[in-house]
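Structural overview for review
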Amino acid sequence: MALAKDAMQLKPGLLYDSKQGKLIGSTFNLNYDFIHKGEPDKEALKASMVQEAEVVCLTTLDAKLALPVGVNHLSKGLTAAETLAMLKKETREVNVCLNHLKHNQKIMSSNKCT
């Protein structure tokens, strides 16, 4: 098994989602409370805009089978250290979930395997 990633560039922008009651398109949680705390720093808000959607898949070494296991919404300018930390976190989470499936042989309906 290998951890494979593929990304797609997105046009930065915000969109209001009435079901969730917040603005979508930023790495910040732009809900009602966030907006009413005061005007956010424009540079921080600009830097938080999602510009890339990255799909994380488990794949066989011969690339005949791939299982999507996550999506990251990335803003501009990740450092090498941030990228390494994200890879370590993803690898740890996937190993926990695979270990759970190996020993329980059923898929959990919750968001996280613990």
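Our structure's up above, just so we're on the same page.
Bear in mind the structure is a predicted one, so any value in this text is a computation, not a measurement. (Residues numbered from 1 in each chain as written. Predicted model: local features only at pLDDT ≥ 70, side-chain atom pairs only at ≥ 80, totals over all residues. Heavy atoms only, no water.)

1. Quick look at the overall build of the chain
The number of helices and strands found in the chain is three helices and six strands. Taking 13 Å as the expected radius of gyration for a compact globule of 114 residues, we find that the chain reaches 17 Å, considerably beyond that expectation. Counting only C-alpha atoms and orienting by the principal axes, one finds that the chain spans roughly 50 × 30 × 25 Å. Carbon together with sulfur atoms contributes 58% to the accessible area of the chain, which is approximately 9000 Å² in total. When the 15 positive and 12 negative side-chain charges of the chain are each reduced to one mean point, those points stand 5 Å apart. (Helix = DSSP H or I, 4+ residues; strand = E, 2+ residues; numbered from the N terminus. Rg over C-alpha atoms; globule rule 2.2 N^0.38 Å. Areas by Shrake-Rupley, 256 points an atom, 1.4 Å probe, with all protein chains shown as cover. Lys, Arg positive; Asp, Glu negative; His and termini not counted. Charge placed at Lys NZ, Arg CZ, Asp CG, Glu CD.)

2. Details of the environment of Ala47
Tracing the sequence through the fold places Ala47 in helix 2 (residues 42-47). Judged by relative accessible area, which is 46%, Ala47 ranks as partly exposed. Put simply, Ala47 and Thr27 are 20 residues apart on the chain and 9.0 Å apart in space, counted from C-alpha to C-alpha. Other than its neighbours up to four places away in sequence, Ala47 contacts Ser75 and Lys76. (Buried < 20%, exposed > 50% of the residue type's maximum accessible area, 1.4 Å probe, protein only. Contact = heavy atoms within 4.5 Å.)

3. Focus on a nonpolar patch on the surface
A cluster of nonpolar side chains, Leu3, Leu67, Val69 and Leu87, forms an exposed patch at the surface whose accessible area comes to about 300 Å². Its location among the elements puts Leu3 in strand 1 (residues 2-9). A residue is classified by how much of its surface remains accessible, and Leu3, at 31% relative accessible area, is partly exposed. (Patch = residues over 30% accessible without salt bridge, like charges linked within 9 Å, V, L, I, M, F, W, Y side chains within 5 Å. Salt bridge = Lys/Arg side-chain N within 4 Å of Asp/Glu carboxyl O.)

4. Let's talk about the pattern of salt bridges
For the structure shown, the criterion picks out three salt bridges. Three or more residues joined by partner-sharing salt bridges are found here, namely Lys5, Glu54 and Glu90.

5. A closer look at the sheet that holds strand 3 (residues 22-24)
Two modes of strand pairing occur in sheets, parallel and antiparallel, and in both the strands are linked by backbone hydrogen bonds. Across the sheet, three strands lie side by side as 2-3-4; this open sheet has antiparallel pairing. Looking at which strands have only one partner, the edges of the open sheet turn out to be strand 2 (15-17) and strand 4 (30-31). Pairing geometry for strand 3 and strand 4, over two bridges, is antiparallel. When the sheet's bridge partners are listed, Leu23 is paired in strand 4 with Leu30. (Pairing = 2+ DSSP bridges.)

6. Concerning the environment of Val56
Inspection of the secondary structure assignment puts Val56 in strand 5 (residues 50-59). With 53 residues separating them along the chain, Val56 and Leu3 place their C-alpha atoms 7.0 Å apart. Residues in contact with Val56, not counting those within four places in the same chain, are Leu3, Ala4, Lys5, Leu67, Pro68, Val69, Gly70, Asn72 and Glu90.

7. Topic: the pairing of strand 5
Most of strand 5 is tucked away: eight of the 10 residues are buried. Relative to strand 5, strand 1 runs antiparallel, the two being bridged by eight bridges. Residue pairing across strands places Ala2 opposite Thr59, the latter belonging to strand 5. With nine bridges joining them, strand 5 and strand 6 (residues 66-75) adopt antiparallel strand pairing.

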